[in-house]
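# Summary of structural features
So the chains spell out like this:
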Amino acid sequence: MDLKTLYREVIVDHYKKPRNSTPLEQPDVESKCKNPSCGDRVTLQLRFTGDDLAEVGFIGVGCAISQASTSMMTQAIKGKSREEALRIMAAFREMVVDGAEQPDAATLGDLVTMQGIAKLPARVKCAMCGWSALEAALDDQSEEVDMDQDTSMPAAKRGSGM
Ligand code: ZN
């Protein structure tokens with residue numbers, strides 16, 4: 001099995017069996033993100049113990065990339081401190097949005113399987129939707145994030161859903 005096939009299988013597995021996709025009973029914060037050009041939506045919930053993200057849950061609809069990315073994200077940040085979560089987010093953004101050739105695999109874990117998205121500008125917003133919700137949650141921002149309004153996303157991406 002080549003690496004691309006393996007990566008695709010990991011993404012499909014997360015899409016079909018999303019991790020942490022159960023709403024929390026008592027979330028401390030909830031944030032939402034939408035990506036209208038593809039139809040992706042993510043609601044993310046966090047419960048903190050001190051500074052740690054003790055529980056993470058999400059409810060999502062949309063394409064495989066948006067849902068798999070969010071599922072993997074919840075696994076990566078669960079139990080981590082706020083600062084560690086931000087560090088993982090920065091590494092993911094660097095890989096997918098900035099197209100870093102040498103992603104920080106130690107920090108990213110399974111998320112490294114999404115490296116190919118950097119070469120699919122239309123899908124970057126899909127991959128970043130859950131992360132934008134995370135950013136909003138950590139910022140205590142209650143307004144829904146709209147990926148189509150995010151000017152840091154690559155430019156050619158409007159409307160080529162897959
Ligand atoms: Zn999408």
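Described below are features of the structure shown in this document.

## Let's talk about the coordination of the zinc ion
The protein atoms that coordinate the zinc ion are Cys38 (SG), Asp40 (OD), Asp40 (OD), Cys63 (SG) and Cys126 (SG), at distances of 2.1 to 2.7 Å. Binding-site remark: the zinc ion is held by donors from one chain whose sequence spacing is C-x1-D-x22-C-x62-C. Linking Cys63 in the loop between strand E3 (52-61) and helix H2 (64-77) with Cys126 in helix H5 (residues 121-138), this pair joins segments that are 63 residues apart in sequence. In terms of burial, Cys63 and Cys126 fall into one category: buried.

## Considering the pattern of salt bridges
In total, this model carries 9 salt bridges according to the counting rule given. Linking Arg82 and Asp51 is a salt bridge whose minimum nitrogen-to-oxygen distance equals 3.5 Å. Taken as a pair, Arg82 in helix H3 (residues 82-96) and Asp51 in the loop between strand E2 (40-49) and E3 lie far apart in primary sequence, 31 residues in all. Residue class for Asp51 comes out partly exposed when judged on its relative accessible area of 40%. Sharing partners across several salt bridges, the network here consists of Asp13, Lys17 and Arg19.

## A word on the packing of aromatic side chains
Tallied over the full model, the rule gives 1 aromatic pair. The interplanar angle of 15° and the centroid separation of 4.5 Å between the aromatic rings of Phe92 and Trp131 together place this pair among those described as stacked. Placement of Phe92 in helix H3 and of Trp131 in helix H5 is noted, with a sequence separation of 39 residues between them. The same class applies to Phe92 as to Trp131, namely buried.

## Structural notes on the sheet that holds strand E4 (residues 145-146)
Here we have 4 strands laid out as an open sheet, ordered E3-E2-E1-E4, and mixed in their pairing. Across the chains shown, the open sheet's two edge strands, defined by having one partner strand only, are E3 and E4. Two elements, strand E1 (residues 29-35) and E4, share 2 bridges in a ladder whose sense is parallel. When the sheet's bridge partners are listed, Lys34 is paired in E4 with Asp146. The sheet contacts of H5 involve E1, E2, E3 and E4, and relative to E1 the element is tilted by about 150°.

## Quick word on the environment of Arg19
Looking at where Arg19 falls in the secondary structure, it is placed in the loop between helix H1 (3-16) and E1. The residues contacting Arg19, other than those within four sequence positions of it, are Asp13, His14, Phe58, Ser71, Thr74 and Gln75. Of the polar contacts made by the side chain of Arg19, one reaches the side chain of Asp13; its length is 2.7 Å.

## A short note on the packing of H2 against H5
For the pair H2 and H5, the least separation of the axes is 8 Å and the interaxial angle reads 35°. Of the two elements, H2 crosses H5, and the hand of that crossing is right-handed. Where H2 abuts H5, its residues Ile65, Ser66, Ser69, Thr70, Met73 and Ile77 lie against Arg123, Cys126, Ala127, Gly130, Trp131 and Leu134. Among the residues forming the contact of H2 with H5, the class breakdown is 7 nonpolar, 4 polar and 1 charged.

## Points about the packing of H3 against H5
For any two helices packed against each other, the geometry comes down to the angle between their axes and how far apart the axes lie. Between H3 and H5, the shortest axis-to-axis distance is 11 Å and the interhelical angle comes to 155°. Taken together, the axis directions place H3 and H5 in an arrangement best described as roughly antiparallel. H3 and H5 meet at a crossing whose hand is left-handed. On H5, the residues touching Arg82, Ala85, Leu86, Ile88, Met89, Phe92, Arg93 and Val96 of H3 are Val124, Ala127, Met128, Trp131, Leu134, Glu135 and Leu138.

Calculation criteria
- Residues numbered from 1 in each chain as written.
- Predicted model: local features only at pLDDT ≥ 70, side-chain atom pairs only at ≥ 80, totals over all residues.
- Heavy atoms only, no water.
- Donors = N, O, S within 2.8 Å, 3.2 Å for Na, K, Ca; no water.
- Helix = DSSP H or I, 4+ residues; strand = E, 2+ residues; numbered from the N terminus.
- Buried < 20%, exposed > 50% of the residue type's maximum accessible area, 1.4 Å probe, protein only.
- Salt bridge = Lys/Arg side-chain N within 4 Å of Asp/Glu carboxyl O.
- Phe/Tyr/Trp six-rings, centres within 6.5 Å; stacked < 30°, edge-to-face > 60°.
- Pairing = 2+ DSSP bridges.
- Contact = heavy atoms within 4.5 Å.
- Axes fitted to C-alpha atoms, helices over the stretch in contact; angles between N-to-C directions.
- Polar contact = N/O pair within 3.5 Å; in protein donor to acceptor, adjacent residues only side chain to side chain.
- Left-handed = near helix turned anticlockwise from the far one by under 90°.
- Nonpolar A, V, L, I, M, F, W, Y, C, P; charged D, E, K, R; others polar.
- Parallel < 35°, antiparallel > 145°, perpendicular 65-115°, else oblique.

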